Amino acid sequence: MTKQNLNCQCGTVSISVISQPIMSVECLCTDCQKAGALLQHRKGAPTILKPNHSTGFVMYRKDRVEFLAGQDKLKSLTLNEDSKTRRVIASCCNTPMFLEFSDGHWLSIYGLLWPTENLPPLEMRTMTRSRPEGVVLSDDVPNPKTHTLSFMVKLLAAWVAMRFRVPKLDFISGKLED
């Protein structure tokens, strides 16, 4: 079974993913663009947004992610109080670690955590209807305007394989401070 350790920039926070991801995507939704811009301007943060304004994610079932070290450094950012998503950041060095949907069975782990040679290949860009005016996307992978049926089927298949469980990450309680 494939295992990959992933760390924040300073090495304090460490997670491990096992097996194959659900999929590897670039998201161009307005929330990912807004959050990426906010987060990459924090002191010492890595560049999050790609030149096409997308954010790269590798999606894993929650039961395939192990938290190895630095859980106390994980802080969350929500773009508004009603948001069903939170971006979880290693506060020690402002490295984004993953995006979590509150009722979701998967984590969208930031692709920037992988060494380039181990990053799973991009399968699609999603939510391209929200790309900034003038941004031209490469046709190397599908570029659907919204989530596709195949995208949703892959998420559903992963949930079925998990027997419809939705593990909670209750140990992440702190909010990211300005």
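To start, this report covers the structure provided alongside it. Computed from a predicted structure; not experimentally measured. (Residues numbered from 1 in each chain as written. Predicted model: local features only at pLDDT ≥ 70, side-chain atom pairs only at ≥ 80, totals over all residues. Heavy atoms only, no water.)

Quick look at the sheet that holds strand E2 (residues 14-18)
Within the open sheet, the three strands sit side by side as E1-E2-E5. Their pairing is antiparallel. What marks the edges here is a single partner per strand, and that holds for strand E1 (3-7) and strand E5 (65-69). Averaged over all neighbouring strand pairs, the angle between strand axes comes to 25 degrees, with direction disregarded. Across five bridges, the pairing between E1 and E2 is antiparallel. Each residue of the ladder has a partner; that of glutamine 4, found in E2, is valine 17. (Pairing = 2+ DSSP bridges. Helix = DSSP H or I, 4+ residues; strand = E, 2+ residues; numbered from the N terminus. Axes fitted to C-alpha atoms, helices over the stretch in contact; angles between N-to-C directions.)

With respect to the sheet that holds strand E6 (residues 74-77)
Within the open sheet, the eight strands sit side by side as E10-E3-E4-E9-E8-E7-E6-E11. Their pairing is mixed. At either end of the open sheet lies a strand with only one pairing partner, and these are strand E10 (124-126) and strand E11 (174-175). Here strand E4 (residues 55-61) pairs with strand E9 (residues 106-110) via five bridges, running antiparallel. Each bridged residue has a counterpart across the sheet, and for valine 58 the counterpart in E9 is isoleucine 109. The sheet contacts of helix H1 (residues 30-40) involve strand E3 (23-27), E4, E6, strand E7 (85-90), strand E8 (95-101) and E9, and relative to E7 the element is tilted by about 25 degrees. Sheet strands in contact with helix H2 (residues 149-161) are E3, E4, E9 and E10, and its direction is about 30 degrees off that of E4. (Contact = heavy atoms within 4.5 Å.)

Here we look at the pairing of E7
In terms of burial, E7 is a largely internal element, six of the six residues being buried. Across six bridges, the pairing between E7 and E8 is antiparallel. For alanine 90, the partnering residue across the bridge sits in E8 and is threonine 95. Between E7 and E8, which follow one another and run antiparallel, lie four residues, and asparagine 94 among them has a positive phi close to 60 degrees. (Buried < 20%, exposed > 50% of the residue type's maximum accessible area, 1.4 Å probe, protein only.)

A closer look at the packing of aromatic side chains
Counting across every chain of the model gives six aromatic pairs. Residues phenylalanine 57 and tyrosine 110 carry aromatic rings whose centres are separated by 4.9 Å and whose planes lie at 55 degrees to one another, so their mutual orientation is tilted. Here tyrosine 110 lies in strand E9 and phenylalanine 57 lies in strand E4, a separation of 53 residues in the sequence. Each member of the pair, phenylalanine 57 together with tyrosine 110, is buried. (Phe/Tyr/Trp six-rings, centres within 6.5 Å; stacked < 30°, edge-to-face > 60°.)

Note that all results are geometric; they support no functional claim without further evidence.
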